[in-house]
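# Report on the structure
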Amino acid sequence: LSGLSNITGGSLRGVQVAGIANINGNDLAGVSLSGLTGIAGNNAYGVMVSGLATITGNNTRGLLAGGLLNVSGEQATGFHLAGLADITGEDFKGISITGLLGLAGENLTGVQLSGLANIAAGNATGIQLGGLGNVTGGTLHGMQLGAANMAVRARGLQIGLFNYYKESLDGFQLGLINANPNT
């Protein structure tokens, strides 16, 4: 418990509470509550809540809540809540709710809900709900709901003003403009 910051060069198992920052050089297993920033240099298992940003170097399992930003270096599983953006370097499995942007660097399994846009650079299995749009760089297995929806391949449902698939659609598009390379 610290009024300013907790800094651990190794791993932490337990509870950290700090007015400004919690910084762990390796793993966090437990609870980290900080006024501004929570950082786990390697993996985080449990709960991280920070007023500004939560950052993990590798894998995350559990709850991540950053007032503005969540960043997970590789794999992330659980519930992520962020005021602006939730960014996962590789695969995300769970529920991501953000004010502006949800980004999975590779695959999404679960739900992305954002005020502006959601992006799954690889495949998406589940639901993408974005105020402006949703993008799946591989195959969508599920549903996209937003003003503009795009997928390379889609197996499911696209609902929006503009819906696009690049290679194939095994499902249904409901929108003002439904497009593909042959349109």
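What counts and what doesn't
- Sequence order as written defines the numbering, with residues in each chain counted from 1.
- With the structure being a predicted model, the display of local features is reserved for residues of pLDDT at least 70 and the display and counting of side-chain atom pairs for 80 or more, all residues being used for whole-chain, interface and lining totals.
- With hydrogens and water stripped out, all remaining heavy atoms of the structure feed into the side-chain values.
- Secondary structure elements follow DSSP: runs of H or I of four or more residues count as helices, runs of E of two or more count as strands, with numbering from the N terminus.
- Here's how the labels work: a residue is buried when its accessible area is under 20% of the maximum for its type, exposed when over 50%, partly exposed in between, all with a 1.4 Å probe on protein chains only.
- We call two residues in contact when some of their heavy atoms are within 4.5 Å.
- Here the Shrake-Rupley method, with its probe set to 1.4 Å, supplies the accessible areas, and only the displayed protein chains count as covering residues.
- Charge assignment: positive for Lys and Arg, negative for Asp and Glu; neither His nor the chain ends contribute.
- Where a charge lies is defined by one atom per residue type: Lys uses NZ, Arg uses CZ, Asp uses CG and Glu uses CD.
- Think of a salt bridge as a Lys or Arg side-chain nitrogen and an Asp or Glu carboxyl oxygen that are within 4 Å of each other.
- By definition, two strands form a pair when at least two bridges between them are found by DSSP.
- Joining through side-chain atoms within 4.5 Å is the link that ties buried Ala, Val, Leu, Ile, Met, Phe, Trp, Tyr and Cys residues into a set, and such a set is a nonpolar core.
- Residues enter patches when they are more than 30% accessible in relative terms and free of salt bridges; like-charged ones are connected within 9 Å and nonpolar ones (Val, Leu, Ile, Met, Phe, Trp, Tyr) within 5 Å.

Secondary structure assignment for the protein yields zero helices and 19 strands. Principal-axis analysis of the C-alpha atoms gives the protein an extent of 60 × 20 × 15 Å. Burial status across the protein gives 39% buried among its 183 residues. The long-range share in the protein, meaning contacts at least 24 apart out of those at least 6 apart in sequence, stands at 0%. Total accessible area on the protein is roughly 7,900 Å²; 66% of this is exposed by carbon and sulfur atoms. Of the side chains in the protein, 6 bear a positive and 8 a negative charge, and the two mean positions are spaced by 4 Å.

This paragraph deals with the environment of Leu-84. Secondary-structure assignment places Leu-84 in the loop between strand 10 (76-82) and strand 11 (85-88). Of the residues examined, Leu-84 reaches a relative accessible area of 38% and is grouped as partly exposed. Along the sequence, Leu-84 and Leu-12 sit 72 residues apart, while their C-alpha atoms lie 28 Å from each other. Here Leu-84 is in contact with Gly-67, Leu-68, Thr-98, Gly-99, Leu-100 and Leu-101, once residues within four sequence places are set aside.

Okay, the pattern of salt bridges next. One pass over the structure, following the stated rule, counts one salt bridge. Ionic pairing is found between Arg-153 and Glu-167, a salt bridge with its closest N-O pair at 2.9 Å.

Our next topic: the pairing of strand 15 (residues 117-120). Here strand 13 (residues 101-104) pairs with strand 15 via four bridges, running parallel. Counted as the bridge partner of Leu-101 is Ala-117 from strand 15. Note: strand 15 against strand 17 (residues 133-145), four bridges, orientation parallel. Looking at strand 17, one finds that Ile-119 is bridged to Val-135.

The subject of this paragraph is the nonpolar core. Membership of the largest hydrophobic core is limited to nine residues, which are Ala-76, Phe-92, Ala-104, Leu-108, Ala-120, Ala-124, Leu-140, Ala-151 and Ala-154. Residue contacts for Leu-108: discarding those within four places in its chain leaves Phe-92, Ala-120, Asn-123, Ala-124, Thr-125, Ile-127 and Gln-128. Counting residues in each nonpolar core, the second largest holds six residues, with Leu-12, Ala-40, Met-48 and Leu-64 among its members.

Before going further, it helps to spend a moment on a nonpolar patch on the surface. Together, Leu-4, Ile-20, Leu-36, Leu-52, Leu-68, Leu-84, Leu-100, Leu-116 and Leu-132 give the surface a local cluster of nonpolar side chains, amounting to about 740 Å² of exposed area. Along the chain, Leu-116 falls in the loop between strand 14 (108-114) and strand 15.

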